[in-house]
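# Inside the fold
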There are 2 protein chains.
Amino acid sequence: MGKNFLYGQSGGPTSVINASFYGTIKKAYEIGSGKVYGMINGIEGFLKGKEMDMQDFYKSGEYELLKNTPASYLGTCRFKLPNDINDPVFEEIFKRFEKLDIGYVFYNGGNDSMDTTDKLSRYAAKIGSDIKVIGIPKTIDNDLILTDHTPGFGSAAKFVASTIREVVLDTRVYDKSAVTVVEIMGRHAGWLAASAVLARKYSEDNPSLIYVPEVVFSYEKFESDIAKKLEKSKAVVVALSEGVAFADGRLICEDETTQVDSFGHKSLSGSGQILCDFINKRFNIKPRQIEFSLIQRAAAKNASLTDVNEAILAGECAVEAAVKGETAKMVAFKRVSDSPYKMECTLVPAADVCNYEKNIPLEWIDATNSDIKDEYIKYATPLIEGEPELKYENGLPVFAYRK
Amino acid sequence: MGKNFLYGQSGGPTSVINASFYGTIKKAYEIGSGKVYGMINGIEGFLKGKEMDMQDFYKSGEYELLKNTPASYLGTCRFKLPNDINDPVFEEIFKRFEKLDIGYVFYNGGNDSMDTTDKLSRYAAKIGSDIKVIGIPKTIDNDLILTDHTPGFGSAAKFVASTIREVVLDTRVYDKSAVTVVEIMGRHAGWLAASAVLARKYSEDNPSLIYVPEVVFSYEKFESDIAKKLEKSKAVVVALSEGVAFADGRLICEDETTQVDSFGHKSLSGSGQILCDFINKRFNIKPRQIEFSLIQRAAAKNASLTDVNEAILAGECAVEAAVKGETAKMVAFKRVSDSPYKMECTLVPAADVCNYEKNIPLEWIDATNSDIKDEYIKYATPLIEGEPELKYENGLPVFAYRK
């Protein structure tokens, strides 16, 4: 018997993290002879003794559903390993690895998961363990360095662009002025919010204003932007990244004028609502705010087939790399060409990824600071191509889920 | 030359109102020999002299895109004609009809549109005009009487059920308690919110609580419902109709504890946010609210093929009826059988529809008052069947739109 495989999911889910799990399972059973385990709730759950042998799931064919199942099938966690690899928790983890006869560990997530990948590899090196540890990237935020893009981003971008295109049509049906603010995820990077630009059908189309965290926000500029757009068009749609901040670094949602409820609690409303309150006060318009919330990271029908296939590939590449003896690496994507779009998998040191955040190049942001340039469109368009084929039953998609 | 056709859209848009427009255009050119006009922004825009000859749009084939284009292609309005048909506005409208040589008028909308249909027909009768006026139903709320259901409902229900199924998977990924409240449209009827029940994969699955306006809401009952569900499951997902009200008739969003902003303005937040604030106060949990907002009525990819086809049929039936000499009628759907699902078009007097609202039968609501019974599932399932085939370009759906 060969050594066993262990795979875990960490951080916020995406529409395609399970596709990477699918690729990992498939490749591990194909080229390995060991068992395949899944950590339940990531390394945190694993430390509590929770894992799952994937054999029945694989043999029954149910694992095929993972390709189009959003969220984290195995459950996830937000758990940072101690910085000191002499901490006893590492010994504990490796005892569990040994007990399950693990030879290969795969950790699927963003920044923090690459930190975990790096620390586990360093501990393995320290104790002379043969265990290989490979990170598989995942984040709708697209903020990992050393990779052209991350699995999960393309599908979220496709949801954002498609849905804004639909919303734009809806916001112009009445013969009166209307401002709509759409709040989009992405943390401190504007990659996802910028995908709103793909929704435009012609150059003057909505969304006519796009605000990303890469540039500083001010109410004065915002007021003048809105006023200018309202002169040209009755319906104005604004795409707003949740991470947009003022010059002093405060996020819009940390603004002092944030509404409070009658108990004095700070409202849970986000930046979009705050900007709507501002528009309501300054213009004679009742604006509408739309928050894509977690729909944008879970929308299976809006997933990009390119993204699904690349997420599967990332899982497969991770297994191949580990079996070849690679460790302490993250699978990364290298773009070979834009048109026709061609991408290949590479490996980069996990340690080089984990403490950085990748932002949109400033030269891809329009001089007005409220629009995105063609360079971004060229970059992002191939990533949202293609429609996955879901399985349906009674009119609804069928997903894999743990009972 | 035969008489000309005139079609208008009114009220809030849906994913399939343009499919009814498609059916109307197609049938009118097929069986008539006159021109086909579209009112811009409904009867209100028409009164201002705004209409559009559809010939180029038809001949170019672009009208085919209407089948899957959300929102109201022609623009819409909220405009109630005077109750007194002796009001000079009727003379004005009919003068415009005469000028354009209109023989057939189609008005596509909900309750108020049937009111318009009725009044225009009565005025025609009064002045001895030959003009035929037919109403085409449309509303995601599904609250029109004398029809089994309304075009637009099936697609919105499919979006709600699909998206809640995705959200449910996402809300259970962390190993901690989580309450999520999803706010759903539907005005004073619970049809659309009830479609959340279709998302369940097994009987104890989320959404485990569904609140519709047909039953009275109280915080005491809600608190106890949440507490009971949290005992059984860490993740609790609540589907909440925007029209849910207290015993005294106040909507939740009109609750006195509604949060105010720092200027003392009542927040725009809806019922979902108010219930989240309540949960936050009573349980040691930070809840999440998701508002489907206008995405639920514009989601082309989540449209139901059954709904699209029935919306087209409604437009076609309206033209056939008018040409046969019918007037003052609304196209209605009669269900012939549930399994296999079979429906046929009928006509009902528009006057009988316009002043009523159809609610979910109380016997379809569970005795707990926070769940929906199998009778509803049997009713709604056929309406969400089938996936429309959209046209894509650069990864995004292509829609018809007026420049």
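All chains use their own residue numbering, which begins from 1 and follows the written sequence. Written order decides the labels, with chains lettered from A and ligands numbered from 1. Confidence filtering applies because this is a predicted model: local features only for residues at pLDDT of at least 70, side-chain atom pairs given and counted only at 80 or more, and all residues used for totals across whole chains, interfaces and linings. Here the side-chain values reflect all heavy atoms present in the structure, with hydrogen atoms and water set aside.

### Observations concerning the overall build of chain A
- Helix and strand content of chain A: 12 helices and 13 strands.
- In terms of overall dimensions, chain A is globule-like: its C-alpha atoms have a radius of gyration of 22 Å, near the 22 Å expected for 403 residues.
- Taken along its principal axes, the extent of the C-alpha atoms in chain A is 70 × 45 × 40 Å.
- The buried share of chain A, reckoned over its 403 residues, is 63%.
- Here, residues are in contact when the closest pair of their heavy atoms is within 4.5 Å. Restricting the contact set of chain A to residue pairs at least 6 apart, pairs at least 24 apart contribute 75%.
- Areas reported here follow the Shrake-Rupley algorithm with a probe of radius 1.4 Å; residue values treat only the protein chains shown as occluding. Split by element, the accessible area of chain A, about 14900 Å² in all, is 48% carbon and sulfur.
- In this tally Asp and Glu are treated as negative and Lys and Arg as positive; neither His nor the chain ends contributes. All charge positions are set by atom: Lys at NZ, Arg at CZ, Asp at CG, Glu at CD. Positive and negative side-chain charges of chain A, numbering 49 and 57 respectively, have mean locations separated by a distance of 2 Å. Where helices and strands are cited, they refer to DSSP runs of H or I of at least four residues and of E of at least two residues respectively, numbered from the N terminus. What the globule rule says is 2.2 Å times the number of residues to the power 0.38, and the radius of gyration is computed from C-alpha atoms. Exposure classes here rest on a 1.4 Å probe applied to the protein chains alone. A residue is buried below 20% of its type maximum, exposed above 50%, and partly exposed in between.

### Here's the deal with the interface of chain B and chain A
- Opposite the 73 residues of chain B that make contact, chain A presents 73 residues.
- By convention, the term buried area covers the 1.4 Å-probe accessible surface removed from two parts as they join, with the contributions of both added. Contact between chain B and chain A buries roughly 6200 Å² in total, counting both sides, with carbon and sulfur atoms accounting for 59%.
- What makes a salt bridge here is a side-chain nitrogen of Lys or Arg within 4 Å of a carboxyl oxygen of Asp or Glu, nothing more. Counting the contacts that link chain B with chain A gives six salt bridges.
- The partner of Asp170 of chain B in a salt bridge is Arg297 of chain A, with the nearest N and O atoms 2.7 Å apart.
- Polar contacts, as used here, are pairs of N or O atoms within 3.5 Å; protein pairs need one atom able to donate a hydrogen and one able to accept it. Residues neighboring in sequence count only if both atoms are side-chain atoms. Taken together, the connections running from chain B to chain A amount to 26 residue pairs in polar contact (both at pLDDT 80 or more).
- For the side of chain B that touches chain A, the elements supplying multiple residues, two or more each, are helix H6 (153–171), helix H9 (271–282), strand E9 (288–291) and strand E13 (396–397) of chain B.

### What about the domain arrangement of chain A?
Residue and element names in this part refer to chain A.
- Considered domain by domain, chain A is made up of domain 1 (4–139 + 302–355 + 386–397) and domain 2 (153–297).
- Centre-to-centre separation of domain 1 and domain 2, based on C-alpha positions: 34 Å.
- Residue-level contacts link 12 residues of domain 1 with seven residues of domain 2.
- Both faces combined, the contact of domain 1 with domain 2 buries some 810 Å², and carbon together with sulfur accounts for 40% of it. Residue ranges for the domains originate in an automatic or database domain assignment.

### A word on helix H1 (residues 17–31) of chain A
All names here are of chain A.
- Helices are assigned an expected span. That span is 1.5 Å times one less than the residue count. Counted at 1.5 Å a residue, the expected span for H1 with its 15 residues is 21 Å, and the 21 Å between its end C-alpha atoms agrees.
- Taking burial as the measure, the 15 residues of H1 include 12 buried ones, the bulk of the element.
- Within H1, burial applies to Ile17, Asn18, Ala19, Ser20, Phe21, Tyr22, Gly23, Thr24, Ile25, Lys27, Ala28 and Tyr29.

### Examining the side chain of Gln289 of chain B
- Looking at where Gln289 of chain B falls in the secondary structure, it is placed in strand E9.
- Taking relative accessible area as the criterion, Gln289 of chain B reaches 15% and is therefore assigned buried.
- In contact with Gln289 of chain B, not counting residues within four places along its chain, are Ser293 of chain A together with Val181, Glu183, Gly272, Gln273 and Cys276 of chain B.

### Here's the deal with the sheet that holds strand E10 (residues 329–338) of chain B
All names here are of chain B.
- Each pair of strands is called paired provided DSSP finds at least two bridges between the two strands. Taken together, seven strands build an open sheet; the order of strands is E3-E2-E1-E4-E5-E10-E11 and the sheet is mixed. Sheet topology places strand E3 (51–53) and strand E11 (341–349) at the edges, where each strand pairs with a single neighbour. Pairs of neighbouring strands in the sheet enclose a mean axial angle of 25°, with direction left out of account.
- One ladder, built from three bridges, connects strand E1 (residues 4–9) with strand E2 (residues 36–39); its direction is parallel. Bridge pairing links Tyr7 to Gly38 in E2. Helix axes use the C-alpha atoms of the stretch in contact, all axes being lines fitted to C-alpha atoms, and the angles between their N-to-C directions lie in the range 0 to 180 degrees.

### As for the sheet that holds strand E7 (residues 209–211) of chain A
Residues and elements named next belong to chain A.
- In spatial order, the strands read E7-E8-E6-E9; together these four strands make up an open sheet with parallel pairing. Only two strands of the sheet have a single neighbouring strand rather than two, namely E7 and strand E9 (288–291). Taken pair by pair, the neighbouring strands of this sheet meet at an average axis angle of 15°, ignoring direction.
- Relative to strand E8 (residues 235–241), E7 is paired through three bridges, and the arrangement is parallel. In the strand pairing of E8, Leu209 is matched with Val238.
- Across the sheet, helix H6 (residues 153–171) lies against strand E6 (178–184), E8 and E9, angled at about 165° from E6, the strand it touches most.

### Some thoughts on the packing of aromatic side chains
Residue and element names in this part refer to chain A.
- Classification of ring pairs rests on two measures: the distance between centres of Phe, Tyr or Trp rings, Trp counted by its six-membered ring, which must be within 6.5 Å, and the angle between planes, read as stacked under 30 degrees, edge-to-face over 60 and tilted in between. Overall, the coordinates contain 54 aromatic pairs over all chains when judged by the stated rule.
- Centre to centre, the rings of Phe217 and Phe222 are 5.4 Å apart; their planes meet at 45°, and the pair counts as tilted. The exposure classification of Phe217 matches that of Phe222, with both residues buried.
- Ring plane angle 45° and centroid distance 6.0 Å describe the contact between Phe222 and Phe278, whose orientation is recorded as tilted. Within this pair, whereas Phe222 is found in helix H8 (residues 219–232), its partner Phe278 is found in helix H9 (residues 271–282), the two being separated by 56 residues in sequence. Judged on exposure class, the residue Phe222 and its partner Phe278 are both buried.
- Taken together, Tyr211, Phe217, Tyr219, Phe222, Phe246 and Phe278 form an aromatic cluster joined through their ring pairs.
- A positively charged side chain is recorded as over a ring if its NZ (Lys) or CZ (Arg) lies within 6 Å of the ring centre. The angle to the ring normal must also be within 35 degrees. Taking the ring centre of Tyr401 as reference, the NZ or CZ of Lys403 above it sits at 5.2 Å.

### Looking at the relation of the copies chain B and chain A
- With an RMSD of 0.0 Å, the fit of chain B onto chain A corresponds to turning through 180° and sliding 0.0 Å along the axis. Taken together, the turn and the small shift mark the pair as related by a two-fold rotation axis.
- The overlap is high: 100% of the interface residues of chain B also sit at the interface in chain A, so the same surface is used on both sides. Fitting of the copies onto one another was done by least squares over C-alpha atoms, counting residues only where both copies have pLDDT of at least 70.

### Re the environment of Val105 of chain B
Residue and element names in this part refer to chain B.
- The topology assignment puts Val105 in strand E4 (residues 102–109).
- A relative accessible area of 0% means that Val105 is categorised as buried.
- Taking the C-alpha atoms as reference points, Val105 and Gly135, 30 residues apart in sequence, are found 8.5 Å from one another.

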